[in-house]
Amino acid sequence: MKKFFPLVVLALGLLYVGSTLREPRAPAGAPDAVAFGRLPVLVGGRIKPLDTVARGTLLQFQGRQTVRLADGRKLAPDEWLADVLLADKKAHAYPVFEILHPDVLALLKLKAEDGAGQKRFSYEQLLPGLEELERQAQLALPVEAQRRTRFQREVVRLRDNVGLYVRLQASLVPPDLETPLDALTSFQNSLPAGIAAVRLRQQKQAHDEAAAARLMDLAGRFDFMAQNAYLLPIPPDDAEKDDTAWRNTGAVLLDTFQSGAIEAHALSFAGLAYAWRGGKTDEFNTIVRLLRAETEKRFAARLVKVDAETRFSAAAPFYTGMVLFVAALLLALGSWLKWPETLGRAALYLLALGFVLMTAGIATRMWLEGRPPVTNLYSSALFVAWVAVGLCLILEKIHPRGLASAAGGLIGFSGLIIAHHLSLTGDTLEMMRAVLDSNFWLATHVVVITMGYGSTYLAGFLAALYVLRGALTRSLDRETAAALERMVYGILCFATLFSLVGTILGGIWADQSWGRFWGWDPKENGALIIVIWNALILHVRWGKLTGPRGLMALAVFGNIVTSWSWFGTNLLGVGLHSYGFTDRGFWALIAFATSQLGLIALAIAPGLPWRSQPQANTPREA
Amino acid sequence: MRTLYLEFVRFFVSLRLTVGLLALSALLVLFATLDQVHLGIWAVQEKWFRSFIVLHEIKGFPVPVFPGGYFIGGLLLINLVAAHLKRFAFTWKKAGIQLVHGGLILMLLGELFTGLLQEEYQLRLDEGQTRNYSESWRFNELAVADTTDSATDTVTVIPEQRLSSLGDELQVPALPFRVVPRAYYPNASLMLNENVPPGRPVVNNPATAGLGARLAITPLPITYQQDQRNLPAALIELFGPEGSLGTYLVSTMLTDPQRFSYAGREWALSLRFRRAYKPYSLTLVDFSHDRYAGTDIPKNFSSRIRLTTPDGREDREVLIYMNNPLRYDGLTFYQAGFDNNDKTTVLQVVRNPSWLVPYISCLLMTLGLLWQFGTHLLAFSRKHGASRASSAA
């Protein structure tokens, strides 16, 4: 039985992975929201499925992708978006706006108890306070983003989210109409009469009051859509050469005044709204199919990617990876206590499975984007985890003791958690800013420097294992300690190489594009500090200036150094590299640094008895 | 005496010193980065890296707070060189380490030269405009131009620093009058007297001649923000042999020079951004700035520039865009920004004569590291393979 345990674990892992790869399907007999979610739109400069818009928006609003209603029902992202885009005011009642700051709640005259899960509120609930929210936001906006108080940041965030919601609503059909399809068809039929009425009114002659008023009312709505819509859902027409010249529904509807006939897409959207509101499954699915077929003519190749992106989001490989890494970590920890062979192997298998899955995930993202693996802070977190886990697999092969597996599980999990939090700020496949738009340098400098981050973290995490096991358990025997020391040293050499070469490549990029090799910019300085710190540890070891515990403490401090370079410099919000601005991570960063300082104290505080005594803290032969 | 000397040598070649200096340099870089929030990138470089002792202003007094970049870098250099001289013995095993450290020595020296020699200027061009000079965006100068000849101006420039030493009599052979600085404001805003709103603080303005007499001066605190520059103002009195010719208010805010006649010649007076003239001129043919559809995210910006020399040897169009600067005449012109509704380009102009040094040192260090860790890895895998084989047997 024990012999087969690792294989059973692997099989379970594979089953779990397989289960996430099933194609998502809408329930039969209902309008197919999943197919709707696969329709392409242009947002943020790229063509993406509505599904991505739905998931990204929900993450930004409330930190998760599903909507849970008051009656306990759960809405998938596609269903939520269909309700927002097509079902008039229905989505106003869905609690999707997360508000955590008590002062913001007070501003809106809301109590935490009013919200779903004490923190999520619906548009309806916010409506009475929107004017005040806007006023406060206008007060906060002139303050530089980094200098805003938490209240100001939250006010601006909520106001932007509400604005986004309103803009989304104005994307496909004119807002606040009971029956948009009827309104549009009767508008088209009565257009000549309506225009005549308006002309007569301008000339102050007798005219059909009602017809003129109807026309003016609709024109106002179209104009609102043209000004505010968030999505560009209508592909460029055949005369337009530019593939990115997608159009806004409002602008297309306004064109009706010239052409006399409503454009097919705009009319189809109204048809979708009619079918979705009435629950007319066949009509809805047919219109979705037709819209797709229409886009297919010109954008067949893009639609392959759009579909792949939808499947990718539904499979959520990085979430699956998180689960696998936690399982690997637990198995590896278990292997320290019992059945080292069996549990250790099972941990290794899961770690390897997680690594394969991450590789596939990162490769898919690269294909979707047509870019090297690291293009923004989010993808750097994925890559850091990937590099560290890959190194752990090699280390575990060399020293099969469940040590590297544990470190790999921990780093893999942490990296993916960090990535998840970074994904809350928007599209993770966003377009590259001009300054970064160079695949060559992204593939060399950015990849190598990120590998440097990953390996420095790995050294730090291995050292942390050493300290925790040594100080808190009796399990750090002489052999384990020696193995860990060798691993930390080997990885540090690796880290020094990568961070130095990466920094240098960055310098060359800077010289190529800015005419100077080094500009003391915060991000450059951050990379330099990592290099200096790694060099310092290596010199301490070569000079035998401290024992293993001291070295481990230095390596743990490397975690703080790396985190500072990776995120801290973005928090400063200055310099040429401050494109990845984040401010929500600040406290997480402080907490992490504090925990690492605690570990360092555990490692070197004099008079603190360690439960394991691998050897005294004196220099060991290099 | 001998022991003292040995102690001295031992100190400078010790690894302990290396580690200490590395720790100090990591801290130096960290503090300098943090200080950028207040001081901006330029002032930080002067204060932290291009100094022996870092002076930090505490309640207006400069207090030495940390060893500066020259100090730490210099000691590191001595430590490195000394250690290598002391222990130098070439072996293949150590060749990697020696290469790395050789590269490092070169890099430290390169950064020193860069600090001493690098110049950064800016070139702003409106579409269709031609210029044969770039402007410093940190330094200013007082330009006194003799404009009598309609074909050429003869310009005498006085650096801004000279204007801040009040009461100095600046006498230059090219000028028939002396220039005496009366007041100097490193950053000030000017406004027509009649427009000054009540409550706006103004200082006494003794200007008697030119436009300055009609202006009110409001001194502003020095800005360190990267996207703002200080606009200094100065009051200068001109003296001929017969006495005062009047007190002028000059400022970089006033774009048109103030003109007057003296000694039968026409003069134009202006405080302007320091200029670096070139033996060629650049014309902005077109600036373009694309954004991704439906967003404000810049996709690219590029300047189409016509480069011409008076002798006609160069007359060509070049395209400068992100990651693709123009290199000409030992200068690098790169796309730094834009302004004025995408009608104006801002090019950064950098002269860095020691640009090759980091490349060489990088190459040395990378080769060294590869050699060092490569041989380690090889030895390790051999040992590991051997121990595997022995345990299997």
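A. Spatial organisation of the overall build of chain B. The number of helices and strands found in chain B is six helices and 17 strands. Taking 21 Å as the expected radius of gyration for a compact globule of 393 residues, we find that chain B reaches 28 Å, considerably beyond that expectation. Across its three principal directions, the C-alpha atoms of chain B cover 100 × 65 × 45 Å. Per-residue burial for chain B yields a buried fraction of 27% across its 393 residues. Partitioning the intrachain contacts of chain B with sequence separation of at least 6 by distance along the chain shows that 54% fall at a separation of at least 24.

B. Seen up close, the confidence of the model for chain B. Residues and elements named next belong to chain B. Averaged over chain B, the pLDDT score is 84; the fraction of residues at 70 or greater is 96%. Mean pLDDT across the secondary structure elements of chain B bottoms out at helix α6 (residues 356-392), with 78, and peaks at strand β6 (residues 178-185), with 89. Across the interface, the model reports ipTM at 0.80; the global pTM reads 0.84.

C. Geometry of the pairing of strand β13 (residues 298-308) of chain B. Residues and elements named next belong to chain B. Strand direction decides the pairing type here: strand β12 (residues 265-291) and β13, joined by ten bridges, are antiparallel. Residue L284 lies in a different strand from β13, and its bridge partner there is I305. The hairpin turn running from β12 into β13, its antiparallel successor, is six residues long, and G294 in that turn takes a positive phi close to 75°. Sheet topology note: the β13/strand β14 (residues 315-321) ladder contains seven bridges and is antiparallel. Paired with R304 across the bridge in β14 is L319. Two successive antiparallel strands, β13 and β14, enclose a turn made up of six residues, where G312 displays a positive phi of approximately 80°.

D. Region of the structure containing the environment of H421 of chain A. By the element assignment, H421 of chain A lies in helix α18 (residues 403-422). Given 17 C-beta atoms within 10 Å, H421 of chain A falls into the partly exposed group.

E. Structural view of unusual backbone geometry. Of note in this structure, A316 of chain A is not a glycine but carries a positive phi near 45°. Positionally, A316 of chain A belongs in the loop between α14 (281-315) and α15 (317-337). The class of A316 of chain A is partly exposed, set by 15 C-beta atoms lying within 10 Å. One non-glycine residue, D329 of chain B, lies in the positive phi region at around 60°. With respect to the secondary-structure elements, D329 of chain B resides in the loop between β15 (326-328) and β16 (331-339).

F. Region of interest: helix α1 (residues 2-13) of chain B. When the terminal C-alpha atoms of α1 of chain B are compared, their 16 Å separation across twelve residues agrees well with the 16 Å that a helix rising 1.5 Å per residue should span. Counting buried positions over the twelve residues of α1 of chain B gives zero, only a small fraction of the element.

G. Representation of helix α20 (residues 478-514) of chain A. Residue and element names in this part refer to chain A. Along its 37 residues, α20 runs 52 Å from first to last C-alpha, staying within 8% of the 54 Å computed at 1.5 Å per residue. Among the 37 residues in α20, 28 count as buried, and that is most of the element. Residue G515 follows α20 closely and has a positive phi angle near 75°.

H. A look at the sheet that holds strand β10 (residues 243-251) of chain B. Residues and elements named next belong to chain B. Taken together, the three strands give an open sheet; going across it, the order is β6-β9-β10, and neighbouring strands pair in antiparallel fashion. For this open sheet the edge positions go to β6 and β10, each flanked by a neighbour on one side alone. When the angles between neighbouring strand axes are averaged without regard to direction, this sheet yields 20°. As judged from the eight bridges shared by strand β9 (residues 233-240) and β10, these two strands associate in the antiparallel manner. Of the residues in β10, the one forming a bridge with L235 is L249.

What counts, and where the lines are drawn
- Residues numbered from 1 in each chain as written.
- Chains lettered and ligands numbered in written order.
- Predicted model: local features only at pLDDT ≥ 70, side-chain atom pairs only at ≥ 80, totals over all residues.
- Helix = DSSP H or I, 4+ residues; strand = E, 2+ residues; numbered from the N terminus.
- Rg over C-alpha atoms; globule rule 2.2 N^0.38 Å.
- Buried ≥ 20, exposed ≤ 12 C-beta atoms within 10 Å, placed from the backbone.
- Contact = placed C-beta atoms within 7 Å.
- pLDDT = per-residue confidence, 0-100.
- Pairing = 2+ DSSP bridges.
- Expected span 1.5 Å × (residues − 1).
- Axes fitted to C-alpha atoms, helices over the stretch in contact; angles between N-to-C directions.

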